[in-house]
Amino acid sequence: MTTLYTSDHEWLRIDGDVATIGITDYAQSQLGDVVFVELPKVGRSLKKAEAAAVVESVKAASDVYAPITGEVIEVNEELAAEPALVNSDAGGKAWFFKLKISDKSELGGLMDEAAYAAHTA
């Protein structure tokens, strides 16, 4: 399984032709306490860089963008019930949605962990 990152602070875990997407620990630390998460509908087709979800904190509301083009095949219902998971486990249990990848060539423009660490330094 490969983990990649966007400059907008999303992470994606690639497993075959499915990408699991969430926001990074850095992003949640900038947001503060998350109070609400709005997830995309299963079956929705997303284009790369399209707003896919919304995360609201006590400070601000932010869009979560689709890092690649694909179809939403699953959403994390746990986040609707417990948005604070984003603060406690941004890189794990607090994934937002899963996409069936349409075009694997789009993965080429994303960062690995070292590049993302440099981006946020």
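What you are looking at is a predicted structure, and each value in this text was computed from that prediction instead of being measured. (Residues numbered from 1 in each chain as written. Predicted model: local features only at pLDDT ≥ 70, side-chain atom pairs only at ≥ 80, totals over all residues. Heavy atoms only, no water.)

**Student:** Sorry if this is basic, but what is going on with the overall build of the chain here?
**Tutor:** For the chain, the helix and strand inventory stands at four helices and nine strands. Helices and strands appear in the chain in the N-to-C order β-β-β-α-β-β-β-β-β-α-α-β-α. Taking 14 Å as the expected radius of gyration for a compact globule of 121 residues, we find that the chain reaches 13 Å, a close match to that expectation. Considering only C-alpha atoms, the chain reaches an extent of 35 × 35 × 20 Å along its principal axes. Here the chain holds 121 residues, and 45% of them are scored as buried. For the chain, the share of sequence-separated contacts (at least 6 apart) that also reach a separation of at least 24 residues comes to 58%. Carbon and sulfur atoms make up 49% of the accessible area of the chain, which totals about 6,100 Å². Side chains of the chain carry 10 positive and 20 negative charges; the gap between the two charge centres is 4 Å. (Helix = DSSP H or I, 4+ residues; strand = E, 2+ residues; numbered from the N terminus. Rg over C-alpha atoms; globule rule 2.2 N^0.38 Å. Buried < 20%, exposed > 50% of the residue type's maximum accessible area, 1.4 Å probe, protein only. Contact = heavy atoms within 4.5 Å. Areas by Shrake-Rupley, 256 points an atom, 1.4 Å probe, with all protein chains shown as cover. Lys, Arg positive; Asp, Glu negative; His and termini not counted. Charge placed at Lys NZ, Arg CZ, Asp CG, Glu CD.)

By themselves, these observations are geometric and do not establish any function.
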